[in-house]
Amino acid sequence: GASTKDIAERAGVTEPMLFRHFGSKSRLFQEAAVTPFLRFMDRYVADYRSREHGRLTAEQEGRRLFEGLYAALREQRGPLMALMSAGRFDPVAEDVAEQVRGAFTQVIELFEEVVATESTERGFTDPDLPAAVRAMFGMVLSTALHHDWMAWADTQEGRDRMLAAMTRMAVGGLGAGPVR
C-alpha cells in the first residue's frame, strides 16, 4: 500500500530516480523479493546438476536443500509477509500477484526436479510426488516466515532442530512409500 513517493523517500532517492531504475512499483517488488529467491534456486539447481549424485546421503542432500531454501525465504521474509498481509486485506495488483505465483511455480518445479531425481536414484516411492514436494516446500516456507511464533525456532539451535526434523520427515516420508 506504500506509494512510490513513500518508497523513494524511505530509500533516500527521488521518485523519478526510482522509476528510471525500476519502471514501476511491481518491477521494484520483482527485483527486491522475487528475483533473489529465484537466483537462489537457480544456483542450487545448477550446483545440483553439476555434481556427482550419490556422494551425499539422502539426509545430507535434503538438509542442504532445506537450509538454502530456508535462508532464501528468511532473507525475503519482509516483502513476502507484506505481500501476504496485503492480499488478505486489499486486492494485490494482479501483475505483482502473477509475479509471485510465477516465482513460486518456478521454484516448486525446480524443487520437484531435485526430489524426483533423488527419489529415482535412491529407490524412494511416493504415489503423489508433486503433493509431497508442495508439503515439503510448505514446511520450509512456514518455518522461515513464522519462525518467531515457533518458540525456540528463532535461535540457531532451534533452527538446526527444525531443519533436521523437516529433513527427517521428508526423507523418511519419501522412503516409506504409500500410506495405508
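In what follows, the structure referred to is the one given above.
What you are looking at is a predicted structure, and each value in this text was computed from that prediction instead of being measured.

To continue, consider the overall build of the protein. Within the protein, the secondary structure is distributed over eight helices and zero strands. Counting over 180 residues, the protein shows a buried share of 38%. Sequence-distant contacts, at least 24 apart, represent 70% of the contacts inside the protein between residues at least 6 apart. Surface accessibility of the protein: about 10,400 Å² in total, with carbon and sulfur atoms responsible for 56%.

For the rest of this paragraph, the subject is the side chain of Ser-119. Within the element layout of this structure, Ser-119 appears in helix α6 (residues 94–122). When its relative accessible area of 7% is taken as the criterion, Ser-119 is described as buried. Beyond its immediate chain neighbours, meaning those up to four positions away, Ser-119 contacts Phe-124, Leu-129 and Leu-174.

Tallied over the entire structure, the rule returns nine salt bridges. In this structure, Asp-47 and Arg-64 form a salt bridge, with 3.6 Å as the shortest nitrogen-oxygen distance. Linking Asp-47 in helix α3 (residues 25–50) with Arg-64 in helix α4 (residues 58–75), this pair joins segments that are 17 residues apart in sequence. Since its relative accessible area comes to 30%, Asp-47 is described here as partly exposed. We note a salt bridge from Arg-55 to Glu-52, for which the minimum N-O separation is 3.4 Å. You'll find Arg-55 and Glu-52 in the same group, each marked exposed. One salt-bridge network, in which partners are shared between bridges, spans Asp-47, Arg-51, Glu-61 and Arg-64.

This part takes up the packing of α4 against helix α7 (residues 129–145). Taken N-terminus to C-terminus, the directions of α4 and α7 make an angle of 45°; their axes are 9 Å apart at the nearest point. Relative to α7, the element α4 lies oblique. For the crossing formed where α4 meets α7, the hand is right-handed. Contacts from Phe-66, Leu-69, Tyr-70, Leu-73 and Arg-74 in α4 reach Met-136, Phe-137, Met-139, Val-140, Leu-141, Thr-143, Ala-144 and Leu-145 in α7. Partitioning the contact of α4 with α7 into residue classes produces 11 nonpolar, one polar and one charged.

About the cut-offs
- Residues numbered from 1 in each chain as written.
- Predicted model: local features only at pLDDT ≥ 70, side-chain atom pairs only at ≥ 80, totals over all residues.
- Heavy atoms only, no water.
- Helix = DSSP H or I, 4+ residues; strand = E, 2+ residues; numbered from the N terminus.
- Buried < 20%, exposed > 50% of the residue type's maximum accessible area, 1.4 Å probe, protein only.
- Contact = heavy atoms within 4.5 Å.
- Areas by Shrake-Rupley, 256 points an atom, 1.4 Å probe, with all protein chains shown as cover.
- Salt bridge = Lys/Arg side-chain N within 4 Å of Asp/Glu carboxyl O.
- Axes fitted to C-alpha atoms, helices over the stretch in contact; angles between N-to-C directions.
- Parallel < 35°, antiparallel > 145°, perpendicular 65-115°, else oblique.
- Left-handed = near helix turned anticlockwise from the far one by under 90°.
- Nonpolar A, V, L, I, M, F, W, Y, C, P; charged D, E, K, R; others polar.

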